[in-house]
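Secondary and tertiary structure notes
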Amino acid sequence: MSGRKLVENFIKENINSAYRFAFTYMKNQHDAEDVVSESIIKAIRSAGSLKDPERIKPWFFKIVSNTAVTHLKKKQRVIPFETMDDSDEYEDTYDISNLNEMIEKLPKEYMEVIVLRFFEDMKIKDMAEVLGINENTAKTRLYKALRLLKEDMVDHYE
């Protein structure tokens, strides 16, 4: 099977996972869809650079991660006019009612490892590759994230 066909088949089977992963970065449906669409185009165009077909999942998720980070950096440079109005006050009505909300409350580097490990079922080695970090750093972040979730749960349910 050609590299392009392999990538296309992988994307068809994992489009929902890619969307969920992009959503952890973007926090809204439209932006997550944009990231996934752009990632698919990038992956298909660079299918020839995939050297080990067994590593397609971390390879593709790295593309999604990089694309999401690029989109976030672009968004930070643009300030919409609506957000410039000081008269709008934001009231935080965040209510922790389930595990997903607790995970979303984690800092980005901890949320990423939780999503990749438990929702995408990635091994530590693959998570490290996707995030561009050392395996030991990935382990440390995962254990720290789990500890934070545990503390949050204990506080919430006591």
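Residues numbered from 1 in each chain as written. Predicted model: local features only at pLDDT ≥ 70, side-chain atom pairs only at ≥ 80, totals over all residues. Heavy atoms only, no water.

1. Description of the overall build of the protein
Of the regular secondary structure elements, the protein holds seven helices and zero strands. Along the chain direction, N to C, the helices and strands of the protein fall in the order α-α-α-α-α-α-α. The buried share of the protein, reckoned over its 158 residues, is 36%. The long-range share in the protein, meaning contacts at least 24 apart out of those at least 6 apart in sequence, stands at 66%. Carbon and sulfur atoms provide 51% of the accessible area of the protein, an area that totals close to 10300 Å². (Helix = DSSP H or I, 4+ residues; strand = E, 2+ residues; numbered from the N terminus. Buried < 20%, exposed > 50% of the residue type's maximum accessible area, 1.4 Å probe, protein only. Contact = heavy atoms within 4.5 Å. Areas by Shrake-Rupley, 256 points an atom, 1.4 Å probe, with all protein chains shown as cover.)

2. What to know about a nonpolar patch on the surface
A cluster of nonpolar side chains, Phe118, Phe119, Tyr143 and Leu146, forms an exposed patch at the surface whose accessible area comes to about 420 Å². Inspection of the secondary structure puts Phe118 in helix α5 (residues 108–119). By relative accessible area, which is 48% here, Phe118 ends up partly exposed. (Patch = residues over 30% accessible without salt bridge, like charges linked within 9 Å, V, L, I, M, F, W, Y side chains within 5 Å. Salt bridge = Lys/Arg side-chain N within 4 Å of Asp/Glu carboxyl O.)

3. Quick notes on the pattern of salt bridges
Tallying each qualifying case throughout the model produces nine salt bridges. Note that Lys42 and Glu38 form a salt bridge whose closest N and O atoms lie 3.4 Å from each other. Here Glu38 and Lys42 lie together in helix α2 (residues 29–45), a separation of four residues that amounts to about one turn. Among the charged side chains, a salt-bridge network with shared partners connects Arg55, Asp126 and Glu129.

4. Side note on the nonpolar core
Counting 42 residues, the largest nonpolar core has Val7, Phe21, Trp59, Phe60, Phe61 and Leu116 as the members making the most contacts within it. Looking at this core, the elements that each hand over two or more residues are α1 (3–26), α2, α3 (56–77), α4 (99–105), α5, α6 (124–131) and α7 (135–157). If you tally residues by element for this core, the top one is α1, at eight residues. Ignoring sequence-local partners within four residues, the contact set of Leu116 consists of Phe21, Phe61, Asp121, Met122, Met127, Val130 and Leu131. (Core = buried A, V, L, I, M, F, W, Y, C linked by side-chain atoms within 4.5 Å.)

5. Things to note about unusual backbone geometry
With phi around 70°, Lys27 is a residue other than glycine that occupies positive phi space. Checked against the element boundaries, Lys27 lands in the loop between α1 and α2. For Asp121, which is not glycine, the phi dihedral falls at a positive 55°. Mapped onto the elements, Asp121 comes out in the loop between α5 and α6. The class of Asp121 is exposed, set by a relative accessible area of 62%.

6. Some points on the environment of Thr67
With respect to the helices and strands, Thr67 occurs in helix α3. The class of Thr67 is buried, set by a relative accessible area of 0%. Considering only alpha carbons, one finds Thr67 and Ser37, 30 residues apart in sequence, at a separation of 9.9 Å. Not counting residues up to four positions away in its chain, the partners in contact with Thr67 are Val35, Glu38, Ser39 and Lys42. There is a polar contact of 3.2 Å between the side chain of Thr67 and the side chain of Lys42. (Polar contact = N/O pair within 3.5 Å; in protein donor to acceptor, adjacent residues only side chain to side chain.)

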